[in-house]
Amino acid sequence: MIVRSVEQIMGTEAEVSTPNWTSRRLLLQQDGMGFSFHETIIHAGTETHMRYLNHLEAVYCIEGDGEVETVEDGKIYAVRAGTIYALDRHDHHILRAKTDMRMACVFNPPCTGQEVHDENGAYPLEEVQENPV
Ligand code: 9YT
């Protein structure tokens, strides 16, 4: 069994920060679970454009207040504690944080650790599958 806490991740390579967010990657590809699991803090007042062309992501809001917009149809959804959104169509989306937001994020296929968004708002696809079962 794997047991970890965010305190153990802070200050290590598995904590990745950009101006808009800080992601603590609690479970990664090398853990062999078939998904990665991150706690992400979205900083208040930020707007982040994302489009995970190579991944599916589900995002569950634990704390904070904001909104997510799907670019294709311009729909805007409130995001607050208890809300989940799932990017089942690799949706191009914009996340706006009114306050700091604490999110639990799951990626399939799993992230390897150091990903930050490229010019398309995507993460690269990692070819190696550690857990091909
Ligand atoms: C909510 C969201 O997608 N934020 C960007 C960071 C990402 N969740 C990550 O790498 O943890």
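Preceding block: the structure.
Read on for an overview of the structure. (Residues numbered from 1 in each chain as written. Predicted model: local features only at pLDDT ≥ 70, side-chain atom pairs only at ≥ 80, totals over all residues. Heavy atoms only, no water.)

### Details of the pairing of strand β9 (residues 93-97)
Most of β9 is tucked away, with four of its five residues classed as buried. The pairing of strand β4 (residues 47-50) with β9 spans four bridges and is antiparallel. Its bridge partner lying in β9, H49 is registered against I94. In this structure, strand β6 (residues 65-70) lies alongside β9, joined through five bridges in antiparallel fashion. (Buried < 20%, exposed > 50% of the residue type's maximum accessible area, 1.4 Å probe, protein only. Helix = DSSP H or I, 4+ residues; strand = E, 2+ residues; numbered from the N terminus. Pairing = 2+ DSSP bridges.)

### A closer look at the site of the ligand
Close contacts around the ligand come from 15 residues, with S23, R25, H38, T40 and Y123 the closest. A distance of 2.7 Å separates an oxygen atom of the ligand from a polar side-chain atom of S23. One of the side-chain N or O atoms of Y52 is found 3.2 Å from an oxygen atom in the ligand. In the complex, 100% of the free accessible area of the ligand, which totals 310 Å², lies under the protein chains. Counting residues per element, the ones that place at least two in the shell around the ligand are β2 (21-27), β3 (36-42) and β10 (101-108). By residue class, the composition of the shell around the ligand is nine nonpolar, four polar and two charged. (Near = heavy atom within 4 Å. Polar contact = N/O pair within 3.5 Å; in protein donor to acceptor, adjacent residues only side chain to side chain. Areas by Shrake-Rupley, 256 points an atom, 1.4 Å probe, with all protein chains shown as cover. Nonpolar A, V, L, I, M, F, W, Y, C, P; charged D, E, K, R; others polar.)

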